[in-house]
Amino acid sequence: MTLDVPRRILVIGSGGREHALAWKLAAEASVEQVVVAPGSAGIAGTPGVRCMPVNALSGASVVALARAESIELVVIGPEAPLAAGVADALEAAGVPVFGPDASAARLESSKSFCHEIAEAAGVRMARARSFAGGAESLAAAGAFAQELAASGAGIVLKADGLAGGKGVVVTESLDEALGLLPSFLTDRPTDRPALVVEERLTGAEASVIALCDGKIALALPVARDHKRLRDGDAGPNTGGMGAYSPLPDVSDADVLQVLASVHRPILAEMARRGMPFRGFLYAGLMLTAEGPALLEINARLGDPETQVILPRLGVALSPLLLAAARSALPRAPEVLPVLDGAAVGIVLAADGYPGDPHKGDAIDGIETALADGALVFHAGTAAAPDGGFTVNGGRVLALVGRGGDIASARAAAERAADAVGWPGMQRRHDIAAQMPPAAGAAS
Ligand code: AMP
Ligand code: GLY
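Criteria and cut-off values
- Residues numbered from 1 in each chain as written.
- Chains lettered and ligands numbered in written order.
- Predicted model: local features only at pLDDT ≥ 70, side-chain atom pairs only at ≥ 80, totals over all residues.
- Heavy atoms only, no water.
- Helix = DSSP H or I, 4+ residues; strand = E, 2+ residues; numbered from the N terminus.
- Rg over C-alpha atoms; globule rule 2.2 N^0.38 Å.
- Buried < 20%, exposed > 50% of the residue type's maximum accessible area, 1.4 Å probe, protein only.
- Contact = heavy atoms within 4.5 Å.
- Areas by Shrake-Rupley, 256 points an atom, 1.4 Å probe, with all protein chains shown as cover.
- Axes fitted to C-alpha atoms, helices over the stretch in contact; angles between N-to-C directions.
- Parallel < 35°, antiparallel > 145°, perpendicular 65-115°, else oblique.
- Nonpolar A, V, L, I, M, F, W, Y, C, P; charged D, E, K, R; others polar.
- Polar contact = N/O pair within 3.5 Å; in protein donor to acceptor, adjacent residues only side chain to side chain.
- Pairing = 2+ DSSP bridges.
- pLDDT = per-residue confidence, 0-100.
- Near = heavy atom within 4 Å.
- Salt bridge = Lys/Arg side-chain N within 4 Å of Asp/Glu carboxyl O.
- Phe/Tyr/Trp six-rings, centres within 6.5 Å; stacked < 30°, edge-to-face > 60°.

### Some points on the overall build of the protein chain
Across its full length, the protein chain carries 14 helices and 22 strands. Scaling as 2.2 N^0.38, a compact globule of 443 residues should have a C-alpha radius of gyration of about 22 Å, and the protein chain matches this with 21 Å. Counting across all 443 residues of the protein chain, residues that qualify as buried make up 57%. The long-range share in the protein chain, meaning contacts at least 24 apart out of those at least 6 apart in sequence, stands at 71%. Surface summary for the protein chain: the accessible area is close to 16700 Å², and the carbon and sulfur share equals 52%.

Listed below in structure tokens is the structure:
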């Protein structure tokens, strides 16, 4: 099947994921211009890419920009514009958009909605209950935590709304969980879910992200994120400190099984409810001894997973995104072709992240990393007067090394990360250092 190629594409967002998207799309045949809005100075340095200021949360502003730029496809990167209904506004204006509308994006923006849909679709998740805000919920949430503990399970607390991957606490004891409950419930609205209390699962994690058109799901290369701030999976959860692809413990057959047991049932349930999901459906999985369990759904690409997934993708993305926006994806190949080799990405984060990042420091060494062949994706940088860049966010850069296998890609990423720095920079040194045994696979 020959698919139409969009010549002018608008990518909404300004992070490392959007930089990687723009880099991939701009390199594809027949794509003439990629506009990233609002983007950043670092993203604007990519050949074929221009950045334009826009309020990414305003549907009307994004529609106006799409019209002014004769855009043939809009791709929405982050969760906030999706939850704010920017896709709805574009669809209403007749602009092809890849990204779910606000009702479908609730799969990510409400963890209790995700549990509800997964349960109705027969998709396995951790045992969980959700609780409305307010001190009145404390006793009931505490009782459920006690019930989980009595059954031998650990406890995970999750804020219901969007939290940039930072609203989850994997607790070490019942006492810790009980002590934290007030911070999730007190002073929160009492008429909607504020907290999900979940059974703690163990296993390796995997991100299986599929491109969806409401009915059909085609899997991108599978990746693994490292969520904790510090080496050895210590420290608080973050948005992600590094990622790699492929996963030696997850085969294409495993991915096909995940599409059949997670993505397609979710798509069918969403369509049944009149909320067809068009966009990237990100299944965050825990590969438990009993098989894969769904930890969360995101309504978008992962960050930093995208930065290692897209360099491995062996097909053009832009025609597939346009086809999905028109609800007309081809049915095959269900697992999209990949290029040979591996990619490893290391995130460089600001001092203070995942709390308040310290901004303004000058970044050294980007040119050295580029000269060494690394991909440098900008997440939170600003242009410095001398032509360089300064720190301007929590996660600042993702440095991606490529190689014939994980070990050589990892060596390239480490070399690049060693070359870049600023005062107080935080990074991990163990991204992709240890592979889970193949026995933990999703089979
Ligand atoms: P989420 O945003 O729900 O994916 O949670 C962020 C991270 O918290 C996940 O990637 C896991 O590392 C961890 N996590 C979430 N849910 C669980 C769970 N039920 N058991 C163990 N770890 C979890
Ligand atoms: N890296 C995890 C996420 O994008 O949610």
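After presenting the structure, the write-up continues.
### Points about the packing of helix H7 (residues 111-121) against helix H10 (residues 252-272)
Two numbers describe how H7 lies on H10: the axes approach to 9 Å, and their chain directions differ by 100°. Of the possible angle classes, the one that applies to H7 and H10 is roughly perpendicular. Every residue of H10 that contacts H7 at Phe 113, Ile 117, Ala 118, Ala 120 and Ala 121 is listed here: Pro 265, Ile 266, Glu 269 and Met 270. Grouping the constituent residues of the contact of H7 with H10 by class yields eight nonpolar, no polar and one charged.

### Looking at the side chain of Thr 46
Mapping Thr 46 onto the fold places it in the loop between helix H2 (41-44) and strand S3 (49-51). For Thr 46, a relative accessible area of 8% puts it in the buried group. Engagement of the side chain of Thr 46 in a polar contact is seen with the side chain of His 19, the distance being 2.8 Å. Setting aside residues up to four positions removed in sequence, Thr 46 forms contacts with His 19 and Trp 23.

### Let's talk about the sheet that holds strand S2 (residues 33-38)
The five strands lie next to each other as S3-S2-S1-S4-S5, forming an open sheet whose pairing is parallel. Looking along the sheet, the strands with just one partner apiece sit at the ends: S3 and strand S5 (97-98). Pairing of strand S1 (residues 8-13) with strand S4 (residues 73-76) involves four bridges; the strand directions are parallel. Residue Val 11 lies in a different strand from S4, and its bridge partner there is Val 75.

### Considerations on the confidence of the model for the protein chain
Caution is warranted with low-pLDDT regions, since their predicted coordinates should not be read in detail. Model confidence for the protein chain is summarised by a mean pLDDT of 95, while 97% of its residues fall at 70 or above. For the stretch residues 439-443, pLDDT sits under 50, and the model shows ten contacts to residues farther than four places along the chain or on other chains.

### Some details on the sheet that holds strand S8 (residues 168-170)
Strand order in the open sheet formed by four strands is S6-S9-S7-S8, with antiparallel pairing between adjacent strands. Here the strands that pair on one side only, and so sit at the sheet edges, are strand S6 (128-132) and S8. Mean inter-strand twist for the sheet, computed between neighbouring axes without regard to direction, equals 20°. Against the sheet, H7 contacts S6, strand S7 (154-159), S8 and strand S9 (193-200), and its axis sits at roughly 55° relative to S9. Packing of helix H8 (residues 138-150) onto the sheet brings it into contact with S6, S7 and S9, and relative to S9 it is tilted by some 10°.

### Some remarks on the site of ligand 2
Every residue near ligand 2 is listed here: Asp 225, Lys 227, Gly 239, Tyr 282, Asn 298, Arg 300, Gly 302, Asp 303, Pro 304 and Glu 305. Contact between ligand 2 and Asp 225: a nitrogen atom at 2.7 Å from a side-chain N or O atom of the residue. Residue Glu 305 places a side-chain N or O atom 2.8 Å away from a nitrogen atom belonging to ligand 2. Its free accessible area being 190 Å², ligand 2 has 93% of it covered by the protein chains. For the shell around ligand 2, the class distribution of residues is two nonpolar, three polar and five charged.

### Quick word on the pairing of strand S16 (residues 278-288)
Of all eleven residues that make up S16, eleven are buried, and the element is covered over most of its length. Looking at chain direction, S16 and strand S17 (residues 291-298) are connected through seven bridges and run antiparallel. The partner of Met 286 across the bridge, within S17, is Ala 293. Linking S16 back to S17 in an antiparallel pair, the connection comprises two residues.

### Side note on the pattern of salt bridges
Scanning the model with the defined rule gives 28 salt bridges in all. In this structure, the salt-bridge partner of Arg 7 is Glu 72, at a minimum N-O distance of 2.6 Å. Separated by 65 residues along the polypeptide, Arg 7 in the segment before S1 and Glu 72 in the loop between helix H3 (59-68) and S4 bring together distant segments of the chain. Using a relative accessible area of 42% as the deciding quantity, one classes Arg 7 as partly exposed. A salt bridge links Arg 273 to Glu 269; the nearest nitrogen and oxygen atoms lie 2.7 Å apart. Arg 273 sits in the partly exposed class, given a relative accessible area of 30%. Glu 269 gets classed as buried once you look at its relative accessible area, which sits at 7%.

### Comments concerning the packing of aromatic side chains
As enumerated under the stated definition, the model contains three aromatic pairs in all. Judged by centre distance (5.6 Å) and plane angle (70°), the rings of Trp 23 and Phe 377 are edge-to-face. Taken together, the positions of Trp 23 in helix H1 (residues 16-26) and Phe 377 in strand S19 (residues 375-378) put the pair 354 residues apart, joining distant regions of the chain. The exposure class assigned to Trp 23 is partly exposed, which follows from its relative accessible area of 26%. Classification of Phe 377 by relative accessible area gives buried; the value is 2%. Seen from their ring centres, Phe 98 and Phe 280 are 4.7 Å apart, and the 75° between their planes marks the pair as edge-to-face.

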